[in-house]
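Structural features, examined
This is what each chain is made of:
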Amino acid sequence: MKILVCITHVPDTTSKIQFTADNTKFDTTGVQFIIGPYDDYALARAVELRDQTGGKLTVLNVGESETEPTLRKALAIGADEAIRVNASPKDSFFVSKQIAHYAKEGAYDLILMGRESIDFNGGMVHGMVGELLGLPSFSPVMKLDVEGTTVQMAREIEGGKESLEASLPLIAGCQEPIAEWKIPNMRGIMSARTKPLNVVEAVSEETQAEATSYELPPAKGAVKLVDKDNVGELVSLLKNEAKVL
Amino acid sequence: MSVLVYIEQSEGKIKKTSLEAVSFAHALASKTGEGDVVAVALGTIEQGELAAVGSAGAAKVLHSSEEKLNAGVIQAHASAVAQAFTQVGAKTLVLAKSSLGDAVAARLAIKLNAGLVSNVVALPSTESGYLVKRSIFTGKAFAETEVTTENKVLAVKKNSVDLKTDGGDAAVENFDVALSDADFSSKITSTERATGEVLLPEADIVVSGGRGMKGPENWGMVEDLAKTLGAATGCSKPVSDMGWRPHHEHVGQTGVKVAPSLYIAIGISGAIQHLAGVNSSKCIVVINKDPEAPFFKAADYGIVGDAFEVVPKLTEALKAEL
């Protein structure tokens, strides 16, 4: 089976979110970048499926050269080869165009990615790639098993889940508990150094909805503490001050 | 010309978040002069439910009662909404951000060649370009996004708009949808829903428990408080990882992200990943015996105390008041 996993290169979940002085760019000073946490689930499941069925697992990121350590980590986790589409990811449409263009040539059986990136939280790329390639797309997928060309999935819905059946090829945006995250071992880290990481150029510069400026929410005021022996005061505050009851 | 709104339903009942989308569309149409709001509803809808769509601001509802559309088959819904978009000559599609809404919106953005903005928190500004404010970094920041296409798709974040209730009656028209086998290339084989309780992603009040609850046998206390408030129950990641509570109750960065009016966290220290799932809440109350728990920094109100002592007292006080 040929599997493509698309990963994002995002600030660590514990990063302080701040922007440059003119509020037009994310300030990366002191920020550690990681594989998107949802993409990590997609990658972990893809490694398991490749190990079960054989075939090849390719990982792809749309990003400039600073994302290569993130791709090397994906190789250390178990991907066979990595592709970097050499461009700054501008919006979901731009990223989807790049992925669809690359994937069309590769005729992948399965294209997996996280349900959303944890920076822009759009959750749109899997559906856009699906529509661009004329393939079914599903998200957020929390279980995915392949038997021949039949795929059994579970997808989260508000307050529950639905089970689905579809055929390969398809696209899924993944989330837990589809697989346990995999941590690279020493053998993986060593072999990742020699696995191919190819750079391809972007196919177009088209965007449709690009972020132009950023802002932080107003600073939170200090917590108002209520004595544990006077819970009635909390009820009164919620009712009369916060007006949420 | 009209603004089209995609209405989601669950077992015949229209979702409140979709009514919020209708209210958003009504305010948008008034601002931009895009005409009336037309809603498109798919599948069997309970009698009387469509009246709320009118109250929320729609002038017309296109309703396809095709039973195959009762289940939210993503491609079929995207195909049907695209047909409605063309039929009414809309330039803007509004929908609620949700599990199904996101999946459908993404496909529609390509079908309609429309710039798509998700997690929209405010009406667009149109004085200089078409600028839409959206929530990013899981509620920790906002981005102004410029949409450059003629057609637009806006997915509105829950609780970002006041629900309009004084609209008129919406005219309901039968909507004939042409669907192909390709639209149903996937099959929903079963659906499991949490029953008899308030659904977490849509709840207006959420009561969550963490490791401080010490075990699943103590959850009755959380449920009593939730029941008193008409709230949904949630939990932290360690709690669902340990199997104390089901995964669909896990609130946080990699679980369910909630945006209720009131979020009450009991025995949860407030790891950054948990905060990312709740920081869009209007009001946060934290109950924790550790005064140094980081969650207090994100809270509006707090009680430093043992949950086993404080929560039953709070439930009694609320019962007396509500």
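As recorded by an unreviewed UniProt entry, chain B carries the name Electron transfer flavoprotein, alpha subunit and is attributed to Algoriphagus machipongonensis. The record in UniProt for chain B states the following under Sequence similarities (unreviewed entry): "Belongs to the ETF alpha-subunit/FixB family."

An unreviewed UniProt entry lists chain A under the name Electron transfer flavoprotein subunit beta, from Algoriphagus machipongonensis. UniProt, in the comment section headed Sequence similarities (unreviewed entry), describes chain A in these words: "Belongs to the ETF beta-subunit/FixA family."

**Notes on the environment of Gly167(B)**
Residue and element names in this part refer to chain B. Mapped onto the elements, Gly167 comes out in the loop between strand S10 (151-156) and strand S11 (171-174). For the pair Gly167 and Ser55, spaced 112 residues apart in the sequence, the C-alpha separation amounts to 3.9 Å. If near-sequence neighbours (up to four positions away) are discounted, Gly167 is found in contact with Gly54 and Ser55.

**Observations regarding the layout of surface pockets**
Within this model, the second largest pocket holds a volume of roughly 1,100 Å³. Pro217(A), Lys220(A), Gly139(B), Lys140(B) and Asn279(B) are, among the 32 residues lining the second largest pocket, the residues nearest its centre. Secondary-structure elements contributing two or more residues to the lining of the second largest pocket are strand S8 (131-136), helix H7 (272-278) and helix H8 (295-298) of chain B. In terms of residues, the lining of the second largest pocket owes the most to one element, H7(B), which gives three residues. Its residues assigned to classes, the lining of the second largest pocket comprises 14 nonpolar, 10 polar and eight charged. Lining the lining of the second largest pocket are residues from two domains, each supplying at least three of them: domain 1 (3-184) and domain 2 (200-321) of chain B.

**Looking at the pattern of salt bridges**
All names here are of chain B. By the definition in use, this model includes 35 salt bridges over all chains. In this structure, Glu8 engages Lys15 in a salt bridge whose closest nitrogen and oxygen atoms are separated by 3.5 Å. Among the residues examined, Lys15 registers a relative accessible area of 10% and is labelled buried.

**Some words on the nonpolar core**
Counting 78 residues, the largest nonpolar core has Val5(A), Leu110(A), Leu112(A), Leu144(A), Met153(A), Leu4(B) and Leu93(B) as its most contacted members. The biggest single contributor to this core is helix H3 (residues 74-88) of chain B, with nine residues. Setting aside residues up to four positions removed in sequence, Leu110(A) forms contacts with Met1(A), Lys2(A), Ile3(A), Leu4(A), Leu49(A), Leu144(A), Val146(A), Leu168(A) and Leu170(A). Residues Met213(B), Ala231(B), Val310(B) and Leu318(B) belong to the second largest nonpolar core, which totals 34 residues.

**Comments concerning the confidence of the model for chain B**
Chain-level pLDDT for chain B is 93 on average; 99% of the residues reach the 70-or-more range. Prediction confidence for the complex, expressed as pTM and ipTM, is 0.91 and 0.93 respectively.

**Let's talk about the packing of aromatic side chains**
Within the structure shown, the criterion is met by seven aromatic pairs over all chains. Measuring from ring centre to ring centre gives 4.8 Å for Phe19(A) and Tyr214(A), while their planes differ by 5°; the resulting arrangement is stacked. Of this pair, Phe19(A) sits in the loop between strand S2 (9-11) and strand S3 (33-35) while Tyr214(A) is found in strand S12 (residues 209-215), placing the two residues 195 residues apart along the sequence. As far as the burial class goes, Phe19(A) and Tyr214(A) line up, both buried. Summarising the aromatic geometry, the rings of Trp219(B) and Trp244(B) are spaced 6.3 Å apart at their centres and angled 70° between planes, so their arrangement reads as edge-to-face. Highlighted residues: Trp219(B) in helix H5 (residues 219-229) and Trp244(B) in the loop between helix H6 (237-241) and strand S15 (262-266), separated in sequence by 25 residues. Just as Trp219(B) is buried, Trp244(B) falls in that class too. One aromatic cluster in this structure is built from Phe19(A), Phe26(A), Phe120(A), Tyr214(A) and Phe137(B).

**Let's talk about the side chain of Ser204(A)**
Residue and element names in this part refer to chain A. As for its placement among the helices and strands, Ser204 is situated in the loop between strand S11 (197-201) and S12. Of the polar contacts made by the side chain of Ser204, one reaches the backbone nitrogen of Glu206; its length is 3.5 Å. The contacts of Ser204, once residues within four sequence positions are left out, are Phe94 and Gln98.

**Side note on helix H3 (residues 92-106) of chain A**
Relative to the 21 Å expected for 15 residues at 1.5 Å per residue, H3(A) spans 21 Å between its end C-alpha atoms, a close match to the ideal helical length. Residues Phe93(A), Phe94(A), Val95(A), Ser96(A), Gln98(A), Ile99(A), Ala100(A), Tyr102(A), Ala103(A) and Gly106(A) constitute the buried set of H3(A). Buried-residue contacts for H3(A) involve strand S1 (2-6), strand S4 (56-63), strand S5 (81-86), strand S6 (110-114) and helix H4 (125-133) of chain A together with helix H4 (99-111) of chain B.

**Quick word on the pairing of strand S17 (residues 301-304) of chain B**
Sheet topology places strand S13 (residues 224-225) of chain A next to S17(B); two bridges connect them, and they run parallel. Directly across from Leu225(A), in S17(B), lies its bridge partner Gly302(B). Where strand S16 (residues 283-288) of chain B lies against S17(B), four bridges are found, and the strand directions are parallel. By the bridge assignment for S17(B), Val286(B) is matched with Gly302(B).

The rules behind the values
- Residues numbered from 1 in each chain as written.
- Chains lettered and ligands numbered in written order.
- Predicted model: local features only at pLDDT ≥ 70, side-chain atom pairs only at ≥ 80, totals over all residues.
- Heavy atoms only, no water.
- UniProt positions renumbered as here; feature names shortened; annotations may be inferred.
- Helix = DSSP H or I, 4+ residues; strand = E, 2+ residues; numbered from the N terminus.
- Contact = heavy atoms within 4.5 Å.
- 1 Å grid on protein atoms, 1.4 Å probe; cavity = no way out; pocket = protein on both sides within 12 Å on 5 of 7 lines; lining within 4 Å.
- Points joined across faces, edges and corners; volume = space filled by probe spheres on them.
- Nonpolar A, V, L, I, M, F, W, Y, C, P; charged D, E, K, R; others polar.
- Domains from an automatic or database assignment.
- Salt bridge = Lys/Arg side-chain N within 4 Å of Asp/Glu carboxyl O.
- Buried < 20%, exposed > 50% of the residue type's maximum accessible area, 1.4 Å probe, protein only.
- Core = buried A, V, L, I, M, F, W, Y, C linked by side-chain atoms within 4.5 Å.
- pLDDT = per-residue confidence, 0-100.
- Phe/Tyr/Trp six-rings, centres within 6.5 Å; stacked < 30°, edge-to-face > 60°.
- Polar contact = N/O pair within 3.5 Å; in protein donor to acceptor, adjacent residues only side chain to side chain.
- Expected span 1.5 Å × (residues − 1).
- Pairing = 2+ DSSP bridges.

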